[in-house]
Amino acid sequence: MRIGLQTTGTFAWQLDVIRRHHLADRAGLDLKISAYASPDAGKLALNSGSVDLAVVDWLWVARARALGAKWLFYPYSSAAGAIMVKSESPVRKIDDLRGRVLAIAGGPLDKSWLIVQAAALRRGIDLKREATLAYGAPPLIFQKLEQGEAEASLNFWNFCARLEARGYRRILDVRDAEVALGLQQPVGLIGYTFSEEFAASHRSMIDRFIAISEQADDIMLRSDGEWEALRPLMNAEDEPTFKAYRDQTRAGIPRRPIAEEEADARRLFKALASIGGPELVGPSQELDPGLYYQPAPNGN
């Protein structure tokens, strides 16, 4: 199986667990890894057919299917960012963002930002109108909050973990915003993605890969010692950041049936479509029913 890997992502950690515990060998899998510097490179590799599987964004896959592409998705992680403030900030809840500067990682159509917007609107707060917004790359947004140029920031989960390790506070997790939108649990916002064509001819291979990935997740959930082995890959600058990375990764591991995941994903897709429109989700207001891959039952 040819796998596209973003070198700075947590998928590299999971693959390292698979390698060190010889899980692929035991499952009869030969994993060929191609490393990339960014998530977009993985999407390009999937589109070009140079890899069979990569971990990419759920919303990208959903939009592509709405436009006719035949991608399949299986959840990898529900880890998401948060709105963060300095420990001494008077901002305690989302209502307090009125009239303040909110710095946002990504652009106006970033999925975490749209989820937060939708949750705020349910509370009668229109952040687009009632807060001053600044967009930028995650490292820049991290600096804006540190330097006081923004009073709050919405950033990716790993940057939030670094801030939390330095004493910053969360006022709204994106995962909590998802639940506020009526979801039973947060959905996997990134996942294993591969084509219907590949799945049709390599179903056993995909199922075995998913099985060993879940074995690796179980090891990461159970064993603190496993994280010591992963530490060199994690680039954590200190012990609090290392522990925050570990704990946030564990919290994001999906642990429920695909049918339940898909039901919540449908609710989330509708909420995002109502805010982002066709530019975000494509021509459909409904999640494509063929998006989620369902492995064969154990033993079949």
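Residues numbered from 1 in each chain as written. Predicted model: local features only at pLDDT ≥ 70, side-chain atom pairs only at ≥ 80, totals over all residues. Heavy atoms only, no water.

Caption draft 1: Fine view of the overall build of the protein. Each helix and strand in the protein was counted, giving 15 helices and 10 strands. Against the compact-globule benchmark of 19 Å for 300 residues, the protein has a radius of gyration of 19 Å, which places it among compact chains. Counting only C-alpha atoms, the protein reaches 55 × 45 × 30 Å along its principal axes. For the protein, the proportion of its 300 residues judged to be buried stands at 53%. Sequence separation of at least 24 residues holds for 77% of the intrachain contacts in the protein that already meet a minimum separation of 6. Roughly 13,200 Å² of accessible area belongs to the protein as shown, and the carbon and sulfur atoms make up 49% of that amount. Measuring between centres, the 37 positive side-chain charges of the protein sit 2 Å from its 39 negative side-chain charges. (Helix = DSSP H or I, 4+ residues; strand = E, 2+ residues; numbered from the N terminus. Rg over C-alpha atoms; globule rule 2.2 N^0.38 Å. Buried < 20%, exposed > 50% of the residue type's maximum accessible area, 1.4 Å probe, protein only. Contact = heavy atoms within 4.5 Å. Areas by Shrake-Rupley, 256 points an atom, 1.4 Å probe, with all protein chains shown as cover. Lys, Arg positive; Asp, Glu negative; His and termini not counted. Charge placed at Lys NZ, Arg CZ, Asp CG, Glu CD.)

Caption draft 2: Looking closely at the side chain of lysine 43. Note that lysine 43 resides in helix H3 (residues 39–48). We classify lysine 43 as buried; its relative accessible area is 15%. In this structure, lysine 43 is in contact with Val56, Asp57 and Trp60, ignoring residues within four places of it in sequence.

Caption draft 3: Structural context of helix H14 (residues 258–276). Given a rise of 1.5 Å per residue, 19 residues ought to cover 27 Å, and the 25 Å separating the end C-alpha atoms of H14 matches this to within 8%. Within H14, burial applies to Ile258, Glu261, Glu262, Asp264, Ala265, Leu268, Phe269, Ala271, Leu272, Ala273 and Gly276. On its buried face, H14 sits against helix H4 (58–66), strand E4 (71–77), helix H5 (111–122), helix H9 (174–180) and helix H15 (278–281). (Expected span 1.5 Å × (residues − 1).)

Caption draft 4: Focus on unusual backbone geometry. Here the phi dihedral of histidine 22 falls at roughly 55°; this positive angle occurs in a residue that is not glycine. Position of histidine 22 relative to the elements: it lies in the loop between helix H1 (11–20) and helix H2 (23–26). Under the relative-accessibility criterion, histidine 22 is labelled partly exposed at 43%. Backbone geometry at asparagine 235 places phi at a positive 55°, although glycine is not the residue there. Among the residues examined, asparagine 235 registers a relative accessible area of 62% and is labelled exposed.

Caption draft 5: Spatial organisation of the environment of alanine 12. Inspection of the secondary structure assignment puts alanine 12 in helix H1. Judged by its relative accessible area of 14%, alanine 12 is buried. Between the alpha carbons of alanine 12 and methionine 234 there is a distance of 9.3 Å; along the sequence they are 222 residues apart. In this structure alanine 12 touches Leu5, Thr7 and Leu233, once residues within four positions along its chain are discounted.

Caption draft 6: A look at the sheet that holds strand E3 (residues 53–57). The 5 strands lie next to each other as E2-E1-E3-E10-E4, forming an open sheet whose pairing is mixed. The outermost strands of the open sheet, each flanked by one partner alone, are strand E2 (32–36) and E4. The average angle at which neighbouring strand axes cross in this sheet is 35°, direction not considered. Examined bridge by bridge, strand E1 (residues 2–6) and E3 share 2 bridges and lie parallel to one another. (Pairing = 2+ DSSP bridges. Axes fitted to C-alpha atoms, helices over the stretch in contact; angles between N-to-C directions.)

Caption draft 7: Focus on the packing of aromatic side chains. By the definition in use, this model includes 12 aromatic pairs. Consider the rings of phenylalanine 73 and tyrosine 292, whose centres lie 5.7 Å apart with planes at 90°: the pair is edge-to-face. On the criterion of sequence distance, the pair formed by phenylalanine 73 in strand E4 and tyrosine 292 in the segment after H15 is long-range, its members being 219 residues apart. Note on accessibility: phenylalanine 73 and tyrosine 292 belong to one class, buried. What links up through ring pairs into an aromatic cluster is the set Phe11, Tyr76, Tyr192 and Phe209. Residue placement shows arginine 162 over the ring face of phenylalanine 142; its charged tip is 4.3 Å from the ring centre. (Phe/Tyr/Trp six-rings, centres within 6.5 Å; stacked < 30°, edge-to-face > 60°. Lys NZ or Arg CZ within 6 Å of the ring centre and 35° of its normal.)

Caption draft 8: Representation of the pattern of salt bridges within the structure. What the rule picks out here adds up to 31 salt bridges. Ionic pairing is found between aspartate 96 and lysine 93, a salt bridge with its closest N-O pair at 3.7 Å. Take lysine 93: its relative accessible area is 42%, and that puts it in the partly exposed class. A salt bridge links arginine 166 to glutamate 237; the nearest nitrogen and oxygen atoms lie 2.6 Å apart. On the criterion of sequence distance, the pair formed by arginine 166 in the loop between helix H8 (157–165) and strand E9 (169–173) and glutamate 237 in the loop between helix H12 (224–234) and helix H13 (239–251) is long-range, its members being 71 residues apart. One connected set of salt bridges, linked through shared partners, spans Asp16, Arg19, Arg20 and Glu226. (Salt bridge = Lys/Arg side-chain N within 4 Å of Asp/Glu carboxyl O.)

Caption draft 9: Spotlight on the packing of helix H7 (residues 138–146) against H8. Interhelical geometry of H7 versus H8 gives an angle of 25° and a closest axis separation of 10 Å. Comparing their axes, H8 and H7 come out roughly parallel. As for the relative orientation of H7 and H8, their crossing is right-handed in sense. For the pair formed by H7 and H8, the contact residues are Pro138, Pro139, Phe142, Leu145 and Glu146 on the first element and Phe159, Arg162 and Leu163 on the second. Each residue belonging to the contact of H7 with H8 can be placed in one class, and the counts come to 6 nonpolar, no polar and 2 charged. (Parallel < 35°, antiparallel > 145°, perpendicular 65-115°, else oblique. Left-handed = near helix turned anticlockwise from the far one by under 90°. Nonpolar A, V, L, I, M, F, W, Y, C, P; charged D, E, K, R; others polar.)

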